[in-house]
Amino acid sequence: MTTAAPAHKRILLKLSGEALMGDDAFGINRATIVRMVEEIAEVTRLGVQVAVVIGGGNIFRGVAGGSVGMDRATADYMGMLATVMNALALADAMDKQGLVARVMSAIAIEQVVEPYVRPKALQYLEEGKVVVFAAGTGNPFFTTDTAAALRGAEIGAELVLKATKVDGVYTADPQKDPTATRYTKLSFDEAMSRNLGIMDATAFALCRDQKLPVKVFSIIKHGALKRVVMGEDEGTLVYA
């Protein structure tokens, strides 16, 4: 029996920090992170090269009250450090699943994680290691969505996967409108004209300019990540 080959060889997976919380109010839910890593391990076993950009909202939310009135750049640097903590937790969970993970940070903290160096990241991916990009772009005023678009373009990813709690982009909020339907495909221009809010405008424009497609899918839905990389009808594809 011939097993179908994955539709994508190299992907960039964007995980929000909130996705690691599970049902908790903040922080990292161990069972949730283990389940996510199991899904990532499944696609790496198919030969897919996986890079991850992780957010920091689950940790930063806990200190967000203290950031009110704070200088925006300072608050953003705090958020970047939160992503480093999440990246370490993710890499640790991957190690326990038998994956080899490398955390690369856009801000220098070499006693903890190695700095982001593009050729090194590409080497790790070719070797079958999972690369976790931490600290966003390393600059304030940019989101981790923008970091995902940037790193995806830099490493030559075929697809940026935006992991959410909903299994795609809908015509309306499916929790409020039972008649809402899922888009299977959308052009970047359509998504922008309909103001669907898939990613922030900077990230979206970068993906569009680089002709880097974005797939919005549910990280909660079991097996969804594998179905995406196999090219099945899962989530919503946004293309140039």
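Caption draft 1: Expanded view of helix α4 (residues 118-126). All buried positions along α4 are accounted for by Ala121, Leu122, Tyr124 and Leu125. Taken down its axis, α4 places every buried residue within 160° of arc, on the same side. Set apart from the buried face of α4 by more than 90 degrees, the exposed residues are Pro119 and Glu126. As for α4, its buried residues are in contact with β1 (10-15), β2 (49-54), β3 (101-105), β4 (114-115) and β5 (130-134). Backbone geometry just after α4 places Gly128 at a positive phi near 85°.

Caption draft 2: Region of interest: the packing of helix α5 (residues 144-154) against helix α7 (residues 201-209). In contact at an axis separation of 8 Å, α5 and α7 are set at 15° when each is read in the N-to-C sense. Taken together, α5 and α7 sit at an angle that is classed as roughly parallel. As for the relative orientation of α5 and α7, their crossing is left-handed in sense. Contacts between α5 and α7 involve Asp145, Thr146, Ala149 and Leu150 from the former and Thr202, Ala203, Leu206 and Cys207 from the latter.

Caption draft 3: Broad picture of the packing of helix α1 (residues 30-44) against helix α3 (residues 72-96). Relative to each other, α1 and α3 sit at 60°, their axes nearing to 9 Å. In terms of orientation, α1 and α3 fall into the oblique class. The two elements α1 and α3 meet at a crossing, and its hand is right-handed. Contact with α1, carried on its side by Arg30, Ile33, Val37 and Ile40, involves Ala89, Leu90, Asp92, Ala93, Met94 and Lys96 of α3 and no other residues of that element.

Caption draft 4: Fine view of the pattern of salt bridges. The full count for this structure, using the stated rule, is 16 salt bridges. Salt-bridge contacts for Glu127 lead to Lys129; the nearest nitrogen and oxygen are separated by 2.5 Å. Relative accessible area serves as the criterion here: at 44%, Glu127 is assigned to the partly exposed category. The class for Lys129 is buried, based on a relative accessible area of 17%. Of the charged contacts, one joins Glu234 and Lys221 as a salt bridge, the two residues approaching to 3.0 Å between their closest N and O atoms. Separated by 13 residues along the polypeptide, Glu234 in the loop between α8 (224-229) and β9 (236-239) and Lys221 in the loop between β8 (214-218) and α8 bring together distant segments of the chain. On the accessibility criterion, Glu234 (4% relative accessible area) is buried. Members of the salt-bridge network, linked through shared partners, are Asp167, Lys221, Arg227 and Glu234.

The rules we used
- Position labels on residues start from 1 in each chain and follow its written sequence.
- Local features in a predicted model are, by the rule used here, given only for residues with pLDDT of at least 70; side-chain atom pairs are given and counted only at 80 or more, and totals for whole chains, interfaces and linings are based on all residues.
- In computing side-chain values, all of the structure's heavy atoms are included and hydrogens and water are not.
- Buried means the residue's accessible area, taken with a 1.4 Å probe over protein chains only, is under 20% of the maximum for its type, while exposed means over 50%, and partly exposed covers the values in between.
- Segments assigned H or I by DSSP are reported as helices when at least four residues long, segments assigned E as strands when at least two residues long, and all are numbered from the N terminus.
- As used here, the arc is the angular range of directions from the helix axis to the C-beta atoms.
- Any two residues having at least one pair of non-hydrogen atoms within 4.5 Å are treated as being in contact.
- Axis geometry follows a simple rule: fit a line to the C-alpha atoms, using only the stretch in contact for helices, then measure angles between N-to-C directions, giving values from 0 to 180 degrees.
- Should an angle fall under 35 degrees it is taken as roughly parallel, and over 145 as roughly antiparallel, whereas 65 to 115 is taken as roughly perpendicular and any remaining angle as oblique.
- By convention the crossing between two helices is left-handed if the near helix lies anticlockwise of the far one by an angle smaller than a right angle, and right-handed if it lies clockwise.
- One side-chain nitrogen of Lys or Arg within 4 Å of one carboxyl oxygen of Asp or Glu is enough to make a salt bridge.

So, to be careful, I would describe these as geometric facts and stop short of saying anything about function.
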